[in-house]
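Structure assessment
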Number of protein chains: 2
Amino acid sequence: MTSKVRSIDVANLAKVSRTTVSQVLNGVADARIGEETRQKVLAAARMLNYTPNEVGRSLVRGSTKTVALVLRDISLIEVDLFLQPLLSGIMKSARQAGYGLRVEGARGSLGGDPYGDLVASGMIDGMIVENPDAGDQSLARLVNTGWPVVQLGSQGLPFENTVQTDNQLAGRVATEHLLQLGRRRVAHVSYSTSEIRAVVERKAGYFDALKNAKIPPEMELVKNGDFESSSGYAAMVELMSAPGGPPDAVFAGSDAIGYGVIAAALDAGLRVPKDVAVIGVDDLRTSAYFRPSLSTVRIHPSLAGSAAMGLLIELMRGREPQSRCIYIASELIARGSTLEGFDNTPRVLSSANS
Amino acid sequence: MTSKVRSIDVANLAKVSRTTVSQVLNGVADARIGEETRQKVLAAARMLNYTPNEVGRSLVRGSTKTVALVLRDISLIEVDLFLQPLLSGIMKSARQAGYGLRVEGARGSLGGDPYGDLVASGMIDGMIVENPDAGDQSLARLVNTGWPVVQLGSQGLPFENTVQTDNQLAGRVATEHLLQLGRRRVAHVSYSTSEIRAVVERKAGYFDALKNAKIPPEMELVKNGDFESSSGYAAMVELMSAPGGPPDAVFAGSDAIGYGVIAAALDAGLRVPKDVAVIGVDDLRTSAYFRPSLSTVRIHPSLAGSAAMGLLIELMRGREPQSRCIYIASELIARGSTLEGFDNTPRVLSSANS
DNA sequence: TCAAGGTGCTAACACGTGTTATCAATTTAT
DNA sequence: ATAAATTGATAACACGTGTTAGCACCTTGA
């Protein structure tokens, strides 16, 4: 119980060789083993409560049955609300396929080649990289080797494997929704200033929509926030005293930004959506319970997670995947922050019991 | 670059033995090695871009420098909003101390002894268990062996190491806050029906407060929800048609529940906090941006995570920790959902730049 | 000159496992 | 009756690393 049980202990108890133990317990197909000794081994293993040491196993097999989720910046774990459903999707698929999960951070590694070192360490069989920095040389080198890597969000490399939503489309759809409501002064607040592709693409979609509607963009109506709602709040405060007057609608780059924008508008006495309509991107679980409930473009991060894991498994098995670039469809969820008189009542009321 | 580099390759290039390579690269203190050969080895290692294989290393060393975060139920990852800040705290402390992190699930393991098997597999040096099921035999056995385990939330075992908040106190403080506002019909909606200790303790604190105020508890005002806001919404709908009339205050067992409760109240035309005051527990990042902003008891899950990791590190090093039971102080955060005329404006406005 | 002690390095073992090549015993085919 | 084939089990190797014991050489002291 307390001391470690090794396969040699099982072998000794069953009075067979360690080889036999290994073959029985792993169910080796072409192993010639008598039924009698097979039962002896199984009995001994059960009696000693034997569980194989995965480290030894990994060493000889050259594979750890473990995958890494590499986060661009672990200090963002707390604030990036997109991560939790993502992790959920990855975990579910990974477990189902018998893979374990490590959480790693890309930045802050000592060496200059964090991705290469992670692979060389032999701890993982594959990795999922969340929102890679565009132009990351370490990652680019690794992707070129063909080693199993799936990126959440493109880096623009020729041989990359990605799972992504069409962020430009999402940005356009969100903005078009505001325009269809008759709004003409539509502002945008992004969720990051850094070079994250999703940020840039959503913004591009915003400009696309304006262009299609033949509305000249005003740079005073475009602000950059960060991962926290507070930045959305601050941006909205600035927008309300914009040169041409306050906007009549805001496309928030994320739901978290949307929360801040709405809060600022309400605090200033504006009515949402009557005076200002607001839409976000994400559809966090909490968004339906804001009042007004937050309109948004749902991007299914949980689904993206399981799709990424599915693709990665194909790659690790050495198969050519059906597609190296999976798009997750997004959908417009119109709620009270854009639709006047929206009925907030949840459609399905899970019954609570006393 | 593409093929694996082993320490023997470094040895060959530097024309020394593998032993020397190991000693140089690990900076063994009492190894007697000439400065000249030391430089040769370092140069060779750098030239080949050598990174030690952690699996081989782990095997011989008997330790993986990896810790597991064991989640009670991985299907709750998506809905339990407490997990993200917790993970953040754990990750930060773990990285700082040079430990990696695996995410595991307690349920759904094939064997009947998931915790024991995880240890026997040799993949981890210690584990943090989140909200263990009370009376889990597998975990109880492991804790008794003295193996490094830190629980987030007590299981009531004699030798357990825990990090927890005083949930009963939190429940009492929250309820007392409502009572001090003059409310007399105070309802409670818990965030789970299962036997999670935190749920039971917060509820006990609620009853404590009522008792101290000499208010007879009404069981019609006590509902059980789950991790999702929808259950809070449903519970509030029921409460509004309670026998003795709707409550004038609700103590929600979690912020997520609080969101649902407030939404239901507003949708029914009630004013918050004038007609119904609502307070939660957690202080999620989004809570300050609800309108009305959610009063709550902040329990610092991020801090709990890093404290748990700190304690675990002490245990793994074989030291006797200063305390085997760390309490994280909670604090009442009164906001607009309980205080009329509360100024919602965030105190620190992080400036957004265009 | 010879023992004693220090310096620089390495052969050999250990960690726990999966797998291949091989051997002995038994059965089948000729 | 003998060769050939099959069955049942294992010795030996491999995976990549850290560490101990020990060897050869050189310096020091008397």
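Rules and cut-offs
- Residues numbered from 1 in each chain as written.
- Chains lettered and ligands numbered in written order.
- Predicted model: local features only at pLDDT ≥ 70, side-chain atom pairs only at ≥ 80, totals over all residues.
- Heavy atoms only, no water.
- Salt bridge = Lys/Arg side-chain N within 4 Å of Asp/Glu carboxyl O.
- Buried < 20%, exposed > 50% of the residue type's maximum accessible area, 1.4 Å probe, protein only.
- Helix = DSSP H or I, 4+ residues; strand = E, 2+ residues; numbered from the N terminus.
- Near = heavy atom within 4 Å.
- Polar contact = N/O pair within 3.5 Å; in protein donor to acceptor, adjacent residues only side chain to side chain.
- Nonpolar A, V, L, I, M, F, W, Y, C, P; charged D, E, K, R; others polar.
- Right-handed = clockwise from strand over helix to strand, strands pointing away.
- Pairing = 2+ DSSP bridges.
- Domains from an automatic or database assignment.
- Contact = heavy atoms within 4.5 Å.
- Buried area = accessible area lost by both parts, 1.4 Å probe.
- Phe/Tyr/Trp six-rings, centres within 6.5 Å; stacked < 30°, edge-to-face > 60°.

What follows deals with the pattern of salt bridges. All names here are of chain A. For the structure shown, the criterion picks out 39 salt bridges over all chains. Residue E54 is joined to R61 by a salt bridge in which the shortest nitrogen-to-oxygen separation is 3.7 Å. Judged by its relative accessible area of 18%, E54 falls in the buried class. In this structure, the salt-bridge partner of R197 is E201, at a minimum N-O distance of 3.7 Å. Highlighted residues: R197 and E201, both in helix α9 (residues 197–212), separated by four residues, approximately one helical turn. Given the relative accessible area of 33%, R197 is considered partly exposed.

With that out of the way, let us pick up the protein's contact with DNA strand C. Around DNA strand C there are 25 residues in total, and A:S7, A:R18, A:Y50, B:G34 and B:T37 lie nearest to it. Among atoms of DNA strand C positioned within 4 Å of the protein, sugar and phosphate together represent 48%. Note that a base nitrogen of DNA strand C is positioned 3.3 Å from one of the backbone N or O atoms of A:G56. Elements supplying a minimum of two residues to the surface near DNA strand C: α2 (18–25) and α4 (54–61) of chain A together with α2 (18–26) and α4 (54–61) of chain B. Classifying every residue of the surface near DNA strand C by side-chain character gives eight nonpolar, 13 polar and four charged.

Glancing now at the pairing of strand β4 (residues 149–152) of chain B. Note on strand geometry: in a regular strand, side chains alternate between the two faces of the sheet. Residues and elements named next belong to chain B. Taking every second residue as pointing to the same face, both faces of β4 are buried, with V149 and Q151 on one and V150 and L152 on the other. Tracing the backbone out of strand β3 (residues 126–130), into helix α7 (residues 137–145) and back to the parallel element β4 gives a crossover that is right-handed. The pairing of β4 with strand β5 (residues 162–164) spans two bridges and is parallel. Bridge pairing in β5 places Q151 opposite T162.

Our focus in this paragraph is the domain arrangement of chain A. Assigned domains of chain A: these are domain 1 (7–52), domain 2 (66–165 + 303–328) and domain 3 (167–298). Distance from the C-alpha centre of domain 1 of chain A to the C-alpha centre of domain 2 of chain A: 38 Å.

The interface of chain B with chain A comprises 74 residues on the first partner and 74 residues on the second. By the criterion of area lost to chain A, the three top residues of chain B are B:E78, B:Q84 and B:Y289, representing 12% of everything that side buries. In this structure, the connection of chain B to chain A is made through six salt bridges. Where A:R285 meets B:E78, a salt bridge forms, and the shortest distance between an N and an O atom there is 3.6 Å. Here chain B is connected to chain A by 20 residue pairs in polar contact (both at pLDDT 80 or more). When residues of the side of chain B that touches chain A are assigned to their parent elements, the largest contribution, eight residues, is made by helix α5 (residues 83–96) of chain B. For the side of chain B that touches chain A, a count of residues per class yields 28 nonpolar, 29 polar and 17 charged. As paired strands, strand β2 (residues 100–105) of chain A and strand β2 (residues 100–105) of chain B are joined by three bridges and run antiparallel to one another. What sits directly across from A:R102, in β2(B), is B:R102.

Next up on the list: the packing of aromatic side chains. With the rule as written, the count across this model stands at eleven aromatic pairs over all chains. One aromatic cluster in this structure is built from A:Y259, A:F290, B:Y259 and B:F290.

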